[in-house]
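Each chain, letter by letter, is given below.
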Amino acid sequence: MDDLVSTDWLAQNMAQADVVPVDSSWFMPALKRSGYDEFLASHIPSARFFDIDAVADTESAALHMLPTAEAFGRAMEEIGINRTDRIVVYDNSPTRTAARGWFMLRHFGAERVCLLDGGFQKWVAEGRPTESGEPRPRPARFEAVERGGEVVTLRQVRSGLGVPLLDARGRGRFEGTEDDPRPGVASGHIPGAKNLSFTEVYNPDGTMKP
């Protein structure tokens, strides 16, 4: 299973019991949009909702820090995702938050997880089926095991990693010419970082560039 699958692939395989679409839509506070509310209104059939705010270390002062492996596995079981499922992560967000869901699932041991190229926007534009409401309960087992070597700490960054730092935010936030949309977050960037905005790797229709 590739890291990126097409809407055609999902449409052809979604009837398979182990193919699980996962909506990880999240929006910046200023947009006043709720990923969960929009999921309830319309989502890919049989999809589960991955709440980026909830599946995190909620005791940390910093937003969206990784939870423990045990907490992550428990959260996946509660929403009906098995570690061995063929998981197709998508979003309906301008900030492409499916990438966050994809990374976390991989990081905690999902064996077959990919991104839906073009996301929910492309799925809907093609006239493909959707449904609304809560998904049906689905028994699941997710024994999370954290992958090593994928995450660094603030202390390691301050000490110097010896490798480039890449900031994927928009240029205005990187350069400090725009205020950060999240309350209490400083503008600008970590000294020495380079900027490659995530928007530069997508085509206008939301698919990824080759």
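Residues numbered from 1 in each chain as written. Predicted model: local features only at pLDDT ≥ 70, side-chain atom pairs only at ≥ 80, totals over all residues. Heavy atoms only, no water.

Attention shifts here to the overall build of the chain. When helices and strands are tallied, the chain shows seven helices and seven strands. For the chain, the succession of helices and strands along the chain, N to C, is β-α-β-α-β-α-β-α-β-α-α-β-α-β. At 18 Å, the chain has a C-alpha radius of gyration in line with the 17 Å of a compact globule built from 210 residues. Along the first, second and third principal axes, the C-alpha atoms of the chain reach 50 × 35 × 35 Å. Taking all 210 residues of the chain together, 39% fall into the buried category. Look at the contacts in the chain between residues 6 or more apart in sequence, and 77% of them connect residues 24 or more apart. Of the roughly 11800 Å² of accessible surface on the chain, a fraction of 52% belongs to carbon and sulfur atoms. One finds the centroid of the 24 positive side-chain charges in the chain at a distance of 3 Å from the centroid of its 31 negative side-chain charges. (Helix = DSSP H or I, 4+ residues; strand = E, 2+ residues; numbered from the N terminus. Rg over C-alpha atoms; globule rule 2.2 N^0.38 Å. Buried < 20%, exposed > 50% of the residue type's maximum accessible area, 1.4 Å probe, protein only. Contact = heavy atoms within 4.5 Å. Areas by Shrake-Rupley, 256 points an atom, 1.4 Å probe, with all protein chains shown as cover. Lys, Arg positive; Asp, Glu negative; His and termini not counted. Charge placed at Lys NZ, Arg CZ, Asp CG, Glu CD.)

Enumeration over the complete set of coordinates arrives at 16 salt bridges. Salt-bridge contacts for Asp-18 lead to Arg-86; the nearest nitrogen and oxygen are separated by 3.0 Å. In this pair, Asp-18 is assigned in the loop between α1 (7-13) and β2 (19-23) and Arg-86 in strand β4 (residues 86-90), connecting sequence segments 68 residues apart. In this structure Asp-18 comes out as partly exposed when scored by relative accessible area, which is 22%. Note that Glu-150 is salt-bridged to Arg-106, the shortest N-O span being 3.5 Å. Of this pair, Glu-150 sits in the loop between α5 (119-125) and α6 (154-159) while Arg-106 sits in helix α4 (residues 98-107); the two residues are 44 residues apart in sequence, bridging distant segments of the chain. Classification of Arg-106 by relative accessible area gives partly exposed; the value is 21%. Through salt bridges with shared partners, one network takes in Asp-167, Arg-169, Arg-173, Asp-180 and Arg-182. (Salt bridge = Lys/Arg side-chain N within 4 Å of Asp/Glu carboxyl O.)

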